[in-house]
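Survey of secondary and tertiary structure
The chain contents come next:
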Amino acid sequence: AGEGSGPVPGDGAGPPAPERGLFPPTFSVSEIKNKQRRHFMFLRWKQQQRKEKLALKKKRRKEREALGDKAPPKAVPKTIENQRVYDETTVDPNDEEVAFDEATDEFAPYFNRQTVPKILITTSDRPRGRTVRFCEQLATVIPNSHVYYRRGLALKRIIPQCIARDFTDLIVINEDRKIPNGLVLSHLPDGPTAHFRMSSVRLRKEIKRKGKEPTEHVPEVILNNFTTRLGHSIGRMFAALFPHDPQFIGRQVATFHNQRDYIFFRFHRYIFKSEKKVGIQELGPRFTLKLRSLQKGTFDSKFGEYEWIHKRREMDTSRRKFHL
């Protein structure tokens, strides 16, 4: 027998085992030296914990049912979101200063319906297959978007050509080791420009239980949890990619959901099961964005003026501090 091995409860050797699943108060799995037995006892301990938790939950539910209307309100569980550190730039919907700034910013012509979105989607120099397929699928999500692949042309030379051809936004998909890993979004002609880190990219064929190919209908756009001034700017950038009047007959919706400064993108179709029940069916693609910087004006890596830059050592000191 190896070091620490001994009679396993219930194998017929040693004293009779205690009732299955019960452990003494001072029991510690880490003190068991035999790896297999330690793992077995850990699983049994976890099972006991789940049973105790379920029994306590049932007991509390019965108590609440017995008390009826006199039952105390349910305790709100603590999460990172509801324990968030207050941000002084959080936007009040009735703030006149914010309303004035948004009425005169770079996106005002779009929100005043003076411009119609026209998007150019391009890539890093000489993209590989996965990035090419991602750009093609992204173009089916954003109406009136056009895909062009770069062949050694610098972004600073692309932007004047976009402005001359009446493009309102430029999207650049960067890749590393054949995998899309970055997104640059520049609003034309006067900016701003946002640089995102991209992760968790899933193409349509990689999504389980996906729906049929999306149609050409203009989708609805949902923007969740963009609450600060910086978040409002980013949300307005995403909104300006889509035409104003969604075609509800297409039942398609594009969602940008911000959670803990990670922006999750999903593209769904509504499935009406009955007059009262509705489900959603993911169409793809899906990806996650993390804002790295927001720059005034169009793309300029050398002399551009930055409104915001993500500095990990200074900004990520607290898990409850968010910027969007």
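On a predicted model such as this, the values are computed, not experimentally measured, just so you know. (Residues numbered from 1 in each chain as written. Predicted model: local features only at pLDDT ≥ 70, side-chain atom pairs only at ≥ 80, totals over all residues. Heavy atoms only, no water.)

Thoughts on the overall build of the chain
Applicable threshold: Where helices and strands are cited, they refer to DSSP runs of H or I of at least four residues and of E of at least two residues respectively, numbered from the N terminus. What the globule rule says is 2.2 Å times the number of residues to the power 0.38, and the radius of gyration is computed from C-alpha atoms. Here the term buried applies to any residue with accessible area under 20% of the maximum for its type, exposed to any over 50%, and partly exposed to those in between, with areas from a 1.4 Å probe on protein chains only. When checking whether two residues touch, look at their non-hydrogen atoms; a contact exists if any pair is within 4.5 Å. Using a 1.4 Å probe, accessible areas were evaluated by the Shrake-Rupley method; residue-level cover was limited to the displayed protein chains. Positive: Lys, Arg. Negative: Asp, Glu. His and the chain ends are not part of the count. The atoms used to mark charge sites are NZ of Lys, CZ of Arg, CG of Asp and CD of Glu.
Along the chain, the regular secondary structure elements total seven helices and 11 strands. Rg of the C-alpha trace for the chain: 27 Å, well past the compact-globule value of 20 Å for 324 residues, more than 25% over. The buried share among the 324 residues of the chain stands at 35%. Of the contacts made within the chain by residues no fewer than 6 positions apart, 65% connect residues no fewer than 24 positions apart. With the model as given, the accessible surface of the chain reaches about 21200 Å², and the carbon-plus-sulfur share is 51%. For the chain, the distance from the average site of its 62 positive side-chain charges to the average site of its 39 negative ones is 10 Å.

What about a positive patch on the surface?
The criterion, for reference: Like charges are joined within 9 Å and nonpolar side chains (Val, Leu, Ile, Met, Phe, Trp, Tyr) within 5 Å, but only among residues with over 30% relative accessible area and no salt bridge; these make up the patches. We count a salt bridge whenever a side-chain nitrogen from Lys or Arg sits within 4 Å of a carboxyl oxygen from Asp or Glu.
The grouping of Lys46, Arg50, Lys53, Lys57, Lys58, Arg61, Lys62, Arg64 and Lys74 at the surface amounts to a positive patch. Assignment of secondary structure puts lysine 53 in helix H1 (residues 35–67).

Side note on the UniProt feature "domain: Brix" (unreviewed entry) in the chain
Defined as follows: UniProt positions are given in the numbering used here, feature names are shortened, and annotations may be inferred rather than shown by experiment.
As annotated in UniProt, the feature "domain: Brix" (unreviewed entry) corresponds to residues 117–300 in the numbering used here. Taken as a whole, residues 117–300 contains 18% helix and 40% strand, while its terminal C-alpha atoms sit 22 Å from one another.

What to know about H1
Put simply, the rule is: Helix span is expected to be 1.5 Å times the residue number reduced by one. N or O atoms within 3.5 Å of each other form a polar contact, as long as, within protein, one can give a hydrogen and the other can take it, and as long as residues adjacent in sequence are counted only when both atoms are side-chain atoms.
Helix length check: H1 (33 residues) gives 48 Å between terminal C-alpha atoms against 48 Å at 1.5 Å per residue, within 8%. Among all positions in H1, only Met41, Arg44 and Gln48 are buried. Backbone nitrogen of glutamine 36 and a side-chain oxygen of the N-cap are separated by 3.2 Å at the start of H1; the cap is asparagine 34. Once H1 finishes, glycine 68 follows within two positions and takes phi at roughly 65°, a positive value.

Some remarks on empty space enclosed by the protein
The following threshold applies: Of the two site types, the cavity is a set of points on a 1 Å grid over the protein atoms alone where a 1.4 Å probe fits but cannot get out, and the pocket is an open set with protein on both sides within 12 Å along at least five of seven lines, each lined by residues with an atom within 4 Å of a point. Grid points are joined across faces, edges and corners, and a volume is the space filled by probe spheres set on the points. In this classification, the charged set is Asp, Glu, Lys and Arg, the nonpolar set is Ala, Val, Leu, Ile, Met, Phe, Trp, Tyr, Cys and Pro, and all remaining amino acids, among them Gly, are polar.
Under the definition given, this model contains two cavities of 30 Å³ or more. The computed volume of the largest cavity comes to approximately 90 Å³. As for the largest cavity, its lining consists of Leu138, Ile142, Ile171, Leu183, Leu185, Phe238, Leu241, Phe242, Phe256, Phe265, Phe287 and Leu289. Looking at the lining of the largest cavity, the elements that each hand over two or more residues are strand S4 (179–187) and strand S10 (286–295). In the lining of the largest cavity, the residues fall into 12 nonpolar, no polar and no charged. Its boundaries defined by the atoms lining it, the second largest cavity holds a volume of some 50 Å³. A breakdown of the residues in the lining of the second largest cavity according to their chemical character gives four nonpolar, two polar and two charged.

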